[in-house]
Each structure stands twice: as C-alpha cells, then as structure tokens.
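Single-letter residue listing:
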Amino acid sequence: MITIVDYGMGNLGSIKNMFKYLGVESTIQSDVDKIKRASKILLPGVGSFDTAMQKINRGDLREVLDEKALKEQVPILGICLGMQLLTKNSEEGEFDGLGWIDAKSISFKDRVDSQLKIPHMGWNIVRKNQKSKLTEGFELFDESRFYFVHSYFVRVEDEKNSILKTEYGVEFDSAIQKDNIFGVQFHPEKSHKFGMKLFENFARI
Amino acid sequence: MLKVRVIPCLLLKNRSLVKTVKFKKYNYIGDPINTVRIFNELEVDELMFLDIFASKESRDINFEILKDIANECFMPLSYGGNIKSLDDAKKIFAIGFEKVVINSNAFNNLELIEQIAKYFGQQSVVGSIDVKKGLFGGEHIYSRHGKKREKESVVEWAKKLESAGAGELLLTSIDRDGTWSGYDIELTKRVTSSVQIPVIANGGAGSISDIAEVVGRANASACAVGSMVVYQKRGMGVLVNFPDKKSLEKALDSVVE
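Computed from a predicted model, the values in this text were never measured in an experiment.

**Here we look at the overall build of chain A**
For step 1, the next point in the chain: When helices and strands are tallied, chain A shows 6 helices and 12 strands.
For step 2, the next point in the chain: Counting over 205 residues, chain A shows a buried share of 51%.
For step 3, the next point in the chain: Across chain A, contacts joining residues at least 24 apart in sequence account for 70% of those joining residues at least 6 apart.

Structure (structure tokens):
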C-alpha cells in the first residue's frame, strides 16, 4: 500500500489513477495518524516551495515525515515540487526544505538562454547517471521520456545522489536518490508507459 | 524527441466526440473514452478537450465524463468549456487534469484567470481566443464557440490574457477549423510576436507540413490538431490516428534548431 500524502498541494487524482491502472493499492491521506502507519510514502506537490513547506511544518506532519524517512527509512518518493522539498532549500523561497538529500533547488532563470521558455514544460528525455531500483528496465525503451513542468530544478552536491539527468538549456538532476529517499522532477503519472514503469519499480522497492 | 507539442484537440458534445467545420456541422466521431484509449496507446504528447456546448449554451461542466477520461489517460490533459470559477477549476484539477482552457468567461471576468493562475500556477491556465475574418476584411474575436462577437482586437486581448496570468494561449482560426487548409500563419505570427508566453496554433491542420510551417514561420510553440487525427483522410471516414513520430520529428527538426 502506497500512502499519497495530501497536504493540500497538487494533483493527486492522476497519481492514484495510475496506481489503480497498474493494480497497485494506494490511498490519499491527510490524516497524520494514518500517515504514521504508512509503509511507503509518495510526496506529491504542485505550487510554490514556501507554501508547501508552511503546510508541512504546520501541525505534526513534519515530525512524522522526518521519522518515516530517517528513522524508519520507509521508501519515499517526491514528485515535482515534492522532489524539491527533499532538498535543503530553494531559490524560490525563504523556508528550509526537508533537507533529507544534500541538494539545492535553483532557478532556470539567468542560468539558461533567455530564448528558452520558462517553465520548462513538455516532454523531455532522461539519461541514466547512477544505477537505481527506481529506474530499472529503462534500458528497454530506446529513449525514456517524461513530462515536465517546472521553473526550478535540483542540483545535488554529491553526484552519487543523481540517478537521472535531463537537459534544458542546462543539465539538471531529473531524479535523485539517497538510500530510501527518491525524488523525480517530472510527472510519472502523466508519462505513459515510462511513468508506469517507474511507479511499478517504486511499488516493488 | 519532439521539440514541439502536437496536441489532439477533441470536441465534446454531451457524451460524444464531434468534429466541426468552421465551428459548424457537428460530425459524430465516436465515444470519447474509446477514442482516448486509442490516443493513450498512440502515446500522444497531450490531449485537449473542449466542451463546445457547455460553452455555447452555458451548460454545466460534465465532471463525470472528465473523470472517465482521466481514469484512462496517462498524459497531460486540459479541459475547456464554461469554467466559471476557481471552484470549477479545483474540481477539474482534482479529477486529474492539469490545465484549464478559459475563453468565453474571461470576457466578463478576466479575474478568473488571475485567480486560477495564483492558486495553481500560470502553467495551469490556457487563455483561448477564437478568431474569425469578416466578409470585407478585418477580423473579430468570438466567444461562446463562435456565437458572440467581442469588441477587443486579437493582439490587445492576447496581451490582456497574458498579463492576467495565462501561461499559454490557444489561438484558433474559426475560418480554418476543419478545412485541412493549413494554419493561419499571419494571425499566429501576429500573436506570437506580441506575447512572451507559448502559443498553441489551432484550426486548419491537414498534414505534417502544416505543423512544420506554423512552427517554422509563425513561431507556434505547440500545435493543436483535430480533423487530421480523427479522420482517415480529407473527406473520408473516422479513423483515430496520429502522425508517425519519426516523420513529425524530421519535419520539425528542419524548422526548429
């Protein structure tokens, strides 16, 4: 059972739809007591960094998530903004992130050619950088492509935490991992068979 | 990898998919769910649904059908058709769509775009403009799926939608709709050169070269396609299809760096 954390940020319906299609049990959960019992967590997120961190810091959610990620070490997957929250901080806001992975979220603006449209929106390909259970079987596709929508991107401090790379004016870390903690910048739930493969892999971890 | 998004634009009329010619002649295409299953298998980039009657007759949004669509589709989805409030948009996003297309209701409530953009981000709002040429030259914007003539000029309105917070524009030539005669290059170019946000060209696509042309000559960031993905050929029967990706890629590579 995968617990999709509902903290008021984002498009949870489509994530649940894809798990349902794959025959993987999942539940959308906002009740902290129930999240406390989760064996696998998905942290979604669309919106701004500070709003998301404020919502997570409010009440007991932050404490429960820290416990789950660091002490119990259950598998956690952050999607899009949910990935950026795993980092130490973001140029988008003032708040500290969850800081579980040594990385920062930084802006495309001023780092890429001004001709490039921001947000980076659309399909793009990913390239494997480090082996990971999350990306097993990607070599079966002639190219793995995913749907992205974001204005900020993640840069890891240690290359071993970068499992996928993507290029949009600049090369960035499109998937990261540290032990049981995973993050993907793209939307697997909107990425056809590529997203399904990734979700299946996560369900198996 | 396609550098330009090619988006099947599907028209809903009650529980059916239809295709129009110049916003008229509602030709029955099929059941929306069966159709989206095919597009899902074809792995199209993105799908757009416009409920033309919701818009034309101010009918309520059919959330049930949107749910059925979202259960089958694992690609970006957008919906347009009488979205009146932030609450409507919230419901649509909760179902699993990530963009809303706003056209008619922006004319009396431009703030709607601002509200949705603030809440869900600019990338979630597509401002839509339908344009028709007059008999004696000149052109007008029409709302309510071609029913109501508006006063604003195209460029002026495009800029207003942009500054209200639309993250993208859908620009439709009513005259070209369903005609297989190619996009309106001049119109598209006029809009792409006056706004910063991406413009989706719509109306008239009949071939891969039409797509390449509007991208190369008019700077469209994306192309909406209708007839060419629901009919076998011009004047022939219904056949849900999508242009061969390699040929598309090749045509687009020749016009995009």
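**Details of the overall build of chain B**
For step 1, the next point in the chain: Counting secondary structure elements, chain B contains 11 helices and 12 strands.
For step 2, the next point in the chain: Seen through its C-alpha atoms, chain B measures out along the principal axes to roughly 40 × 40 × 35 Å.
For step 3, the next point in the chain: Here chain B, with 257 residues, has 51% of them falling under the buried criterion.
For step 4, the next point in the chain: Restricting to contacts in chain B with at least 6 residues of sequence separation, those with at least 24 account for 65%.

**What to know about the nonpolar core**
All names here are of chain B.
For step 1, the next point in the chain: Membership of the largest hydrophobic core comes to 140 residues, with the highest contact counts inside it found for I7, L47, V100, L169, I200, A201 and C223.
For step 2, the next point in the chain: A total of 6 residues in this core trace back to one element, the largest contributor, which is strand 1 (residues 5–13).
For step 3, the next point in the chain: If sequence neighbours within four positions are ignored, L47 has contacts with I7, P8, L10, V36, F39, C73, M75 and L77.

**Quick notes on the sheet that holds strand 5 (residues 89–90) of chain A**
Residues and elements named next belong to chain A.
For step 1, the next point in the chain: One open sheet accounts for 3 strands, arranged 5-6-9; its pairing is mixed. Bordering the open sheet on either side are strand 5 and strand 9 (152–156), each of which pairs with just one other strand.
For step 2, the next point in the chain: Both strand 5 and strand 6 (residues 103–107) contribute to a ladder of 2 bridges, which runs parallel. Among the inter-strand pairings, S90 is bridged to a residue of strand 6, identified as S105.

**Brief notes about the interface of chain A and chain B**
For step 1, the next point in the chain: The interface of chain A with chain B comprises 24 residues on the first partner and 20 residues on the second.
For step 2, the next point in the chain: Contributions of two or more residues to the side of chain A that touches chain B are made by helix 1 (12–22), strand 7 (120–128), strand 8 (144–150) and helix 6 (192–204) of chain A.
For step 3, the next point in the chain: With 5 residues, strand 7 of chain A is the largest single contributor of residues to the side of chain A that touches chain B.
For step 4, the next point in the chain: The residue makeup of the side of chain A that touches chain B, split by class, is 9 nonpolar, 10 polar and 5 charged.

**Topic: the environment of B:S207**
Residue and element names in this part refer to chain B.
For step 1, the next point in the chain: Along the chain, the position of S207 falls in the loop between strand 11 (199–202) and helix 9 (208–218).
For step 2, the next point in the chain: Accessibility expressed as a C-beta count within 10 Å gives 15 for S207, which makes it partly exposed.
For step 3, the next point in the chain: Once the C-alpha coordinates of S207 and Q232 are considered, the two residues, 25 residues apart in sequence, prove to be 12 Å apart.

**Details of the environment of B:N202**
Residue and element names in this part refer to chain B.
For step 1, the next point in the chain: Residue position: N202 is located in strand 11.
For step 2, the next point in the chain: Look at N202 and you get buried, because 31 C-beta atoms sit within 10 Å.
For step 3, the next point in the chain: The sequence separation of N202 and W157 amounts to 45 residues, and the corresponding C-alpha distance is 17 Å.

**Section: the confidence of the model for chain B**
For step 1, the next point in the chain: Of the residues in chain B, 99% have a pLDDT of 70 or more, and the chain-wide mean is 94.
For step 2, the next point in the chain: Taken over the whole predicted complex, pTM reads 0.90, whereas the ipTM for its chain interfaces reads 0.85.

**A short note on the sheet that holds strand 10 (residues 162–168) of chain A**
Residue and element names in this part refer to chain A.
For step 1, the next point in the chain: In space, the 9 strands of this open sheet follow the order 2-1-3-4-12-11-10-7-8, with mixed pairing throughout. The open sheet has two edge strands, strand 2 (26–29) and strand 8, and neither has a second partner. If you compare each strand with its neighbour and ignore which way they point, the axes differ by 30° on average.
For step 2, the next point in the chain: By the bridge criterion, 4 bridges tie strand 1 (residues 2–5) to strand 2 in an arrangement that is parallel. Residue pairing in the sheet places I2 in a bridge with S26 of strand 2.

**So, unusual backbone geometry**
For step 1, the next point in the chain: Omega for the peptide link from A:I118 to A:P119 comes to 5°, which places this bond in the cis form.
For step 2, the next point in the chain: Its location among the elements puts A:P119 in the loop between strand 6 and strand 7.
For step 3, the next point in the chain: One non-glycine residue, B:N14, lies in the positive phi region at around 55°.
For step 4, the next point in the chain: Its 11 C-beta neighbours within 10 Å are what place B:N14 among the exposed residues.
For step 5, the next point in the chain: A positive phi angle is found at B:N219, which is not glycine, with a value near 65°.

The rules behind these values
Residues numbered from 1 in each chain as written. Chains lettered and ligands numbered in written order. Predicted model: local features only at pLDDT ≥ 70, side-chain atom pairs only at ≥ 80, totals over all residues. Helix = DSSP H or I, 4+ residues; strand = E, 2+ residues; numbered from the N terminus. Buried ≥ 20, exposed ≤ 12 C-beta atoms within 10 Å, placed from the backbone. Contact = placed C-beta atoms within 7 Å. Core = buried A, V, L, I, M, F, W, Y, C linked by C-beta atoms within 7 Å. Pairing = 2+ DSSP bridges. Nonpolar A, V, L, I, M, F, W, Y, C, P; charged D, E, K, R; others polar. pLDDT = per-residue confidence, 0-100. Axes fitted to C-alpha atoms, helices over the stretch in contact; angles between N-to-C directions.

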